[in-house]
Amino acid sequence: MQSFELDKTDVSKLKQAISGDNELLKATLAEYHASEIAILFESINADDRERIINLLDIEIASEVISEMHEEAHPEELLLQLHPDKRTEIVEELDYDDATDIISQLEEHEQKEILEDLNEDDASSIRNLMSYDEKTAGGLMNTELIHINLNLNRKEAIDEIIRQSEEIEEFYTVYVVDDLNKFIGIISLKDILRAKSNTKITEMVNYNAVYVKAYTDQEEVAKLISQYNLTSIPVVDDEMRLLGLVTFDDVIDVLEDENTEDFLKISGVSEDEELSGNWVEAVKSRLPWLIINLGTAFLASAVVRNYEHTLSQLAIL
């Protein structure tokens, strides 16, 4: 399908499939993208969400959960699932997505989920949870491709192939020294086109843009936009490479920031907007709307009163 939007016909079709047996539901779900199923989850109950997740392959199920809006509470859906299913889904998620979801849970619930994961996954998620969620550290993913500065072309290719077995996709190869300090970046294209005896030191872009782990998310977004980057490396104060922030994470940040700015301009608090309490919203803004309307009428009356004078000035 070309669009990740659901119209009324799609919603009706899916809800009808939900009322049928599992075979019908599974066949219907196969027609839709994970993002569309995530949209559907906003209009169905918790039991139906759980049923659908249990029917989906782990890869698709994890993508659906990662695409769910925060207001739809994907963390609550995770808690509903059987521990084995839940563990498979969390391990399929990118570390940054898993961290975002698990961090919304109570401490004892976080512990329950993390204890079921393998040691490496649990450690990576705990590490990411230690950063403020609105910083580069809170946005970053620790899964990346990095090679040592001292490798030659063949050694670099072998290392990239080895690391890529554990990483679904990557955009840039990061270069570090023996202490894992960030040196620069190199494109896979440059490595493949280089002569066999070429050293990595001869191909590195030493002037690559990077951010510190505590850099504010808005600054990260501006840098990625300014330099047209697909990702940006995140380092600590000693320049050790920690992870990367990708452009899709920045899109989410820009959407959140634009929504926040719009709410501020509109005189609406974010909590008020998300809660959907329209009665309180009207009560809080009605006096100001009346004042604004009154001043508009007053200004109009003044203009009408001096319309003749203004027309004369226009002639002069």
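Scoring rules and cut-offs
Residues numbered from 1 in each chain as written. Predicted model: local features only at pLDDT ≥ 70, side-chain atom pairs only at ≥ 80, totals over all residues. Heavy atoms only, no water. Buried < 20%, exposed > 50% of the residue type's maximum accessible area, 1.4 Å probe, protein only. Helix = DSSP H or I, 4+ residues; strand = E, 2+ residues; numbered from the N terminus. Arc of directions from axis to C-beta. Contact = heavy atoms within 4.5 Å. Polar contact = N/O pair within 3.5 Å; in protein donor to acceptor, adjacent residues only side chain to side chain. Phe/Tyr/Trp six-rings, centres within 6.5 Å; stacked < 30°, edge-to-face > 60°. Pairing = 2+ DSSP bridges. Axes fitted to C-alpha atoms, helices over the stretch in contact; angles between N-to-C directions. Lys, Arg positive; Asp, Glu negative; His and termini not counted. Salt bridge = Lys/Arg side-chain N within 4 Å of Asp/Glu carboxyl O.

## Comments concerning helix α2 (residues 22-29)
Taken together, the buried positions of α2 are Leu25, Thr28 and Leu29. One side of α2 carries all its buried residues, which in axial view fall inside an arc of 100 degrees. On its buried face, α2 sits against α1 (8-18), α3 (34-40) and α4 (46-55). A side-chain oxygen of the first residue of α2 lies 3.3 Å from the backbone nitrogen of Glu23; this N-cap is Asp21.

## Things to note about the packing of aromatic side chains
Inspection of every chain in the model, using the stated rule, returns two aromatic pairs. Taking the centre distance of 6.3 Å and the plane angle of 55 degrees together, the rings of Tyr174 and Phe182 count as tilted. For the pair formed by Tyr174 and Phe182, the shared burial category is buried. The buried category is assigned to Phe182, whose relative accessible area is 7%. Through a chain of ring-to-ring contacts, three or more aromatic side chains come together here, namely Tyr174, Phe182 and Tyr210.

## Considering the sheet that holds strand β6 (residues 241-246)
What links the strands of a sheet is backbone hydrogen bonding, and the strands pair in either a parallel or an antiparallel sense. One open sheet accounts for three strands, arranged β4-β5-β6; its pairing is mixed. Among the strands making up the open sheet, the edge pair consists of β4 (211-212) and β6. As defined by bridge partners, strand β5 (residues 231-235) adjoins β6 across five bridges and the pair is classed as antiparallel. Among the inter-strand pairings, Ile232 is bridged to a residue of β6, identified as Val245.

## Re the pairing of β5
In regular strands, side chains alternate between the two faces of the sheet. Within β5, five of the five residues are buried, leaving the element largely enclosed by the surrounding structure. Alignment of β4 against β5, held across two bridges, turns out to be parallel. The residue bridging Val211 from the neighbouring strand is Val234, located in β5. Where β5 hands over to β6, the hairpin turn is made up of five residues, of which Met239 adopts a positive phi near 70 degrees.

## A closer look at the sheet that holds strand β3 (residues 182-186)
Taking strand neighbours across the sheet as the criterion, the three strands line up as β1-β2-β3 in an open arrangement whose pairing is mixed. In this open sheet, the two strands that pair with only one neighbour each are β1 (145-148) and β3. Between one strand axis and the next, the sheet turns by 35 degrees as a mean value, whatever way the strands run. Alignment of β1 against strand β2 (residues 173-176), held across four bridges, turns out to be parallel.

## Topic: helix α5 (residues 58-67)
Every buried residue of α5 is accounted for by Ala61, Ser62, Val64 and Ile65. Here the buried residues of α5 occupy an arc of 155 degrees about the axis, which is enough to place them on one side.

## Things to note about the side chain of Glu109
With respect to the helices, strands and loops of the structure, Glu109 is situated in helix α9 (residues 107-116). Buried and without a salt bridge, Glu109 has Arg86 as its closest oppositely charged side chain, separated by 8.7 Å. Within the structure, Glu109 has its side chain in polar contact with the backbone nitrogen of Glu106 (distance 2.9 Å).

## Digging into the environment of Ile52
Along the chain, the position of Ile52 falls in helix α4. Among the residues examined, Ile52 registers a relative accessible area of 0% and is labelled buried. Linking Ile52 and Ile18, residues 34 residues apart in sequence, is a C-alpha distance of 8.4 Å. Once residues lying within four places of it in the same chain are set aside, the contact partners of Ile52 are Ile18, Leu25, Leu29, Ile37, Leu40, Phe41 and Ile44.

## Considerations on unusual backbone geometry
The backbone of His73 sits at a positive phi, close to 55 degrees, despite the residue not being glycine. You can see His73 is positioned in the loop between α5 and α6 (74-80).

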